[in-house]
Amino acid sequence: FKPADLIVIAAKKSVGKTVLLNQIAFFNARRGNKGVLINLEMRKEDIINREIARIGEIDYADISMGKMNKEQLERYQKASEEISQYPVIISTKRGLTVAQIHSKLLMLKNKLGRLDFVIIDYIQKIRTPKGHSRQRELANLSEEFGAMAQHFNCPFFIGSQVNHEGITREAEDLENDADVVLKLRREVFEYKSKFIKTTHFPKLNGKEMPEDYATLQITKNRNGRTGGIELQSVLAFQRFEDWIKAL
């Protein structure tokens, strides 16, 4: 992604939007890129534990329930020490306005020296003034985040929840203002959750689609190609990987 790009990552509820956004943040931080991860609904401890599960290959359920064995505990400690060295700042304060986010980013840029990326999870959780149309306010946010991406000259990744038709929830203008739009799909999960209106089980190459099959659809790209990327959802380890299964 290019500096100043506004990148929207959209998905239906519980499909894995936060997993993907966290993975992008820590992938960059692990390579020395400095950035900020703003999550408006989770605790910092949970975000860090998800990353520990990813790089330590520890089942996230075992971490959450505190049921790790000796080997897992050793990997947990090693992963925790590695993450503590990452040049990423995690903010989990809820109910922030866009003005507060801007002020926070100015402060954190001074602290880090520069910003190589910003991730916000997710736009529907940003507090907007009362008495205004929620849809109009969320549409205005996309313009403001586009301006911020240019001001800080780094890519802004914005998470957004979509409705059952796959349209960005409450803020279609967000997709119009974005430089890149990525839509994450897990069709079997969506089928079982009744997020998609069909009575037919999803198919892949003429066979029943595996439950861990996912796609990342690049539906808009101002400076490049569109298309799809096949992924495997490994949610026990809180990550997505390249799809390599023989079907």
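No experiment lies behind these values; they were computed from the predicted model shown. (Residues numbered from 1 in each chain as written. Predicted model: local features only at pLDDT ≥ 70, side-chain atom pairs only at ≥ 80, totals over all residues. Heavy atoms only, no water.)

Caption draft 1: Spotlight on unusual backbone geometry. For the peptide bond that leads from D121 to Y122, omega is 0°, which places it in the cis range. Here Y122 shows up in the loop between β4 (117–121) and α6 (134–152). Phi at A4 is positive, roughly 75°, even though this residue is not glycine. Turning to its location among the elements, A4 is positioned in the segment before β1 (6–11). Even without glycine at this site, N205 takes up a positive phi of about 55°. Relative to the helices and strands, N205 is located in the loop between β7 (203–204) and β8 (207–208). Overall, N205 belongs to the exposed group, its relative accessible area being 63%. (Helix = DSSP H or I, 4+ residues; strand = E, 2+ residues; numbered from the N terminus. Buried < 20%, exposed > 50% of the residue type's maximum accessible area, 1.4 Å probe, protein only.)

Caption draft 2: Spatial organisation of the pattern of salt bridges. Taken as a whole, this structure holds 13 salt bridges when the rule is applied. For E45, the salt bridge goes to R43, with nearest N and O atoms at 3.9 Å. On the basis of relative accessibility, which here comes to 47%, the residue R43 falls in the partly exposed class. Taking the shortest distance from any N to any O, the salt bridge between R185 and E190 comes out at 2.8 Å. Using a relative accessible area of 26% as the deciding quantity, one classes R185 as partly exposed. According to the relative accessible area criterion, E190 is buried, its value standing at 0%. (Salt bridge = Lys/Arg side-chain N within 4 Å of Asp/Glu carboxyl O.)

Caption draft 3: Main features of the packing of helix α2 (residues 44–56) against helix α4 (residues 70–83). Contact pair α2 / α4: the axes reach a minimum separation of 9 Å and the direction vectors enclose 115°. As the angle between them shows, α2 and α4 are arranged roughly perpendicular. At the point where α2 passes α4, the crossing takes the right-handed sense. Note on element contacts: α4 touches α2 through R75, Y76, A79, S80, E82 and I83, opposite I48, N49, E51, I52, I55 and G56. (Axes fitted to C-alpha atoms, helices over the stretch in contact; angles between N-to-C directions. Parallel < 35°, antiparallel > 145°, perpendicular 65-115°, else oblique. Left-handed = near helix turned anticlockwise from the far one by under 90°. Contact = heavy atoms within 4.5 Å.)

Caption draft 4: Structural detail: the environment of L105. As for its position among the elements, L105 is in helix α5 (residues 98–112). Owing to a relative accessible area of 0%, L105 belongs among the buried residues under this scheme. Along the chain, L105 and V36 lie 69 residues apart, while their C-alpha atoms are 7.7 Å from each other. Not counting chain neighbours up to four residues away, the residues in contact with L105 comprise V36, I38, L115, V118, M148, F152 and F156.

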